[in-house]
Structure formats: structure tokens, C-alpha cells
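Examining the three-dimensional arrangement
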Amino acid sequence: MATTVCGWCGINAHMAMVTDVTQVPKREGFGYAYMAAFRCSNELCQRLVVGRVFRGTNYTSPKREMAEDLEIQWEPAQVRRPHFPDVPPQIGATASEAHACLSIGAHRGAVALARAVVEATAKFHGITSGALVSKIDRMHEAGLIREITREVAHEIRQGGNEIAHGDLADEPMPAEDAEAIVEFMDAILQEVFQGPARMKDLQRRRQERKERNSEQG
Ligand SMILES: [Zn+2]
């Protein structure tokens, strides 16, 4: 049974095949290519998505086999756009776009935006000169990020697909590396903005309680 996160409504839903399976001209490296339209089973959505499958062997019973196929790729794909509360709006919006790129396999785009987010985070705290890795070092010196985060930045850098490398168009960018760099960006935002905001909120609520108590007492 075909189930996926619907690219329209974002809900994990069963996709019911609503057309016949169409065989389309093969793509290089794949013997057979099939497409069919499906309908999202979320009652509030019910929109159509296109499923496609590339495979080495042909289907003998296309409709049944495609409905059971676990390798279906979906169009539209689900685009992730997480919200970053407590992060300055422009930086948060850019971070959200980095995730959107990652979710559609635009790995270089994701990495370019993740780098821009880390740069902007440093700049927000007055760190404007030097290479990105030295900015990360200085964010650590300023007490904005933990030692382990600084170490990870250097490890990502040594791993080849560095967070601070300039020649994005010149190098391969496997999904794994892009995911690691976006995850690193998330960690930076968490440490620099979101974590402290949560602590300030906790502090404010404690303060309010104290004031209430002293009024009552
Ligand atoms: Zn849907």
C-alpha cells in the first residue's frame, strides 16, 4: 500500500492510485520507468500527486505491483520548512530555506544557505572578519557555542566537504554531508539563540512567581 508524507498537506497519508500505470521512455541506467497519478487520502487534502518508479525489470501486473512498490518517488515532494522561533527573522527564514533545499535534494543550495546562516549568526554578535571557521572559533571564545560544537565544525571541515569551503560548484556534495552541515547549523541556532531564549523565559516566569508570592505574603 502506497503511503508517504503528502507533498501538498504534509500529512503521512495513504495514496490511492487513480489512473492506470503508464510506462514512459526509460532513463539512462534504468530499464523501465512507470508513472501513475494518486490521490491523497487525507480528507482535507485529496489532491493528486504523481508517483514514478525506475526499475531494472518490468512489471508483469503494473497496477497491483506499483501500488505495492516501496521505491515510488513522489511529485510534489514534501518540502520541509521548519520554523525557528527566537532566531532573528531573516536568519530564521534562511535556515528554513536550507531545510527546504535539503528536503528536495538540492544539497549544494542547502549547504550554501547553512553557511550563510552561520555567517549571519556570527555577524549578529559582531564577529565579521576572517574565514567562517575562525568565526566559529571566536563564537566559542565569546561563550556563544560549546567546545564540542567548535570541534564538530573542525571535523566537518576535515571531512572534505567543509562548512567553510568556497568551491561548492566544484565538488561533489553527497546527501550525508549536506545533512551533517544543516544539522550543524541547527545546533548553532539552538546554542546561540533558542537555548538562551528558553532560559530567559524560565527566568522571567520564576521572577513573576516570586513577585506574586511576595504580593500575597
Ligand atoms: Zn495531502
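What counts and what doesn't
Starting afresh in each chain, residues are numbered from 1 along the sequence in its written order. Selection of residues for local features in this predicted model requires a pLDDT of at least 70, selection of side-chain atom pairs for listing and counting requires 80 or more, and totals for whole chains, interfaces and linings are taken over all residues. Hydrogens and water molecules were not included; the side-chain quantities draw on all heavy atoms of the structure. Side-chain rings of Phe, Tyr and Trp (the six-membered ring for Trp) are treated as a pair once their centres are within 6.5 Å; stacked means planes under 30 degrees apart, edge-to-face means over 60, and tilted covers the remaining angles. In this description a helix means any DSSP run of H or I spanning at least four residues, a strand means any run of E spanning at least two, and both kinds are numbered starting from the N terminus. Three labels apply to residues, based on accessible area from a 1.4 Å probe with only protein chains included: buried if under 20% of the type maximum, exposed if over 50%, partly exposed otherwise in between. pLDDT is a residue-level measure of predictor confidence that goes from 0 to 100. Any nitrogen, oxygen or sulfur atom within 2.8 Å of a metal ion counts as a donor, with the limit raised to 3.2 Å for Na, K and Ca, and since water is left out, coordination shells can look unfinished. Angular criteria define each label, namely tetrahedral for four donors with all angles between 85 and 135 degrees, square planar for four and octahedral for six donors with opposite donors over 155 degrees apart and remaining angles between 65 and 115, and irregular for whatever fails these tests.

**Side note on the packing of aromatic side chains**
The way to describe two aromatic rings as a pair is by their centre distance and the angle between their planes. Applying the stated criterion to the full structure yields three aromatic pairs. When the centroid spacing of 4.8 Å and the interplanar angle of 80° are considered together, the rings of Phe38 and Trp74 count as edge-to-face. Separated by 36 residues along the polypeptide, Phe38 in strand S4 (residues 32-40) and Trp74 in strand S6 (residues 73-75) bring together distant segments of the chain. A relative accessible area of 0% places Phe38 in the buried class.

**Some thoughts on the confidence of the model for the protein**
Low pLDDT means the predicted coordinates in that region are not meant to be read closely. Looking at the protein as a whole, its pLDDT mean stands at 89, while 93% of the residues score no less than 70. At the level of individual helices and strands, the protein shows its lowest average pLDDT in helix H5 (residues 147-158), which scores 83, and its highest in S4, which scores 95.

**Some words on the coordination of the zinc ion**
Between any two of four tetrahedral donors, the ideal angle at the metal is 109.5 degrees; between two of six octahedral donors, it is 90 or 180 degrees. Protein-derived coordination of the zinc ion comes from Cys6 (SG), Cys9 (SG), Cys40 (SG) and Cys45 (SG), at a distance range of 2.3 to 2.4 Å. Each of the four donor atoms bound to the zinc ion contributes to angles spanning 103 to 116°, and the resulting shape is tetrahedral. Read N to C, the donor residues that coordinate the zinc ion are spaced as C-x2-C-x30-C-x4-C. Of the two residues, Cys6 sits in the loop between strand S1 (3-5) and strand S2 (12-17) while Cys45 sits in the loop between S4 and strand S5 (48-55), which places them 39 residues apart along the sequence. Summarising the burial analysis for this pair, Cys6 and Cys45 share the class buried.

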